[in-house]
Amino acid sequence: MKQENTDTKPKDLDLWMIRPCEMYNSEYGECTSISSRLHQMFVHGSTVDCNHWHEDYINCLKWKNDKNIQAAKTLVNSEKIKRNNRWKSYYANNVWENRTSPPENWNEPLPDYIEKRRPKSTLKDTLDESNTEIDSKSFCSIM
């Protein structure tokens, strides 16, 4: 029997960060697969702990099935930690200087030698095909 949690959702809870539960289970399966274990041994010298994926999957099911607010909070915190870990190297980069605005000439026409190569370009064919597809589709959505 489901136990409903009747508490209202906290305003500061970022529920948009919660992915479909199957994704957490898939990540756990991928992390524990033989090929991943061999890769982990090669890269890190040992296998990594994959239990956080399983815990996220369990918390996702608790949120999805029972609307358990504590499970949702735990899951959102886990997603924030993962996101911060992905961005660590970006923020730690001291080699490149981040731009605050685009270069002055970012929208100038291409040089002649590049324009001459453009009609023969594979990229041109791809762009022409995608533009045709875009023109034939409607992007109108009613909410």
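Quick note: structure is the one above.
Residues numbered from 1 in each chain as written. Predicted model: local features only at pLDDT ≥ 70, side-chain atom pairs only at ≥ 80, totals over all residues. Heavy atoms only, no water.

(A) Local environment of the nonpolar core. With 14 residues, the main nonpolar core has Ile18, Tyr24, Cys60, Trp63, Ala72, Leu75 and Val76 as its most contacted residues. Of all the elements in the fold, those that place two or more residues in this core are α1 (21–32), α3 (51–66) and α4 (69–92). For this core, the leading source of residues is α4, giving four residues. When near neighbours in sequence (up to four residues on either side) are disregarded, Ile18 contacts Tyr24, Cys60, Trp63, Ala72, Leu75 and Val76. (Core = buried A, V, L, I, M, F, W, Y, C linked by side-chain atoms within 4.5 Å. Buried < 20%, exposed > 50% of the residue type's maximum accessible area, 1.4 Å probe, protein only. Helix = DSSP H or I, 4+ residues; strand = E, 2+ residues; numbered from the N terminus. Contact = heavy atoms within 4.5 Å.)

(B) Layout of the state of the cysteines. This structure, assessed with the given rule, holds two disulfides. Here Cys21 engages in a disulfide with Cys60; their sulfurs sit 2.1 Å apart. Here Cys21 and Cys60 share a disulfide; its torsion about the S-S bond, -85 degrees, makes the bridge left-handed. Here Cys21, found in helix α1, pairs with Cys60, found in helix α3; they are 39 residues apart in sequence, far enough to count as distant. There is no split in this pair, since Cys21 and Cys60 are both buried. The disulfide bridge from Cys31 ends at Cys50, spanning 1.9 Å between sulfur atoms. Disulfide Cys31 to Cys50: torsion about the S-S bond roughly -70 degrees, handedness left-handed. Of this pair, Cys31 sits in helix α1 while Cys50 is found in the loop between α2 (34–44) and α3, placing the two residues 19 residues apart along the sequence. Residue Cys31 shares its accessibility class with Cys50, and that shared class is buried. Regarding the disulfides, the protein carries the connectivity 1-4, 2-3 under sequence-order numbering of its bonded cysteines. (Disulfide = S-S within 2.5 Å.)

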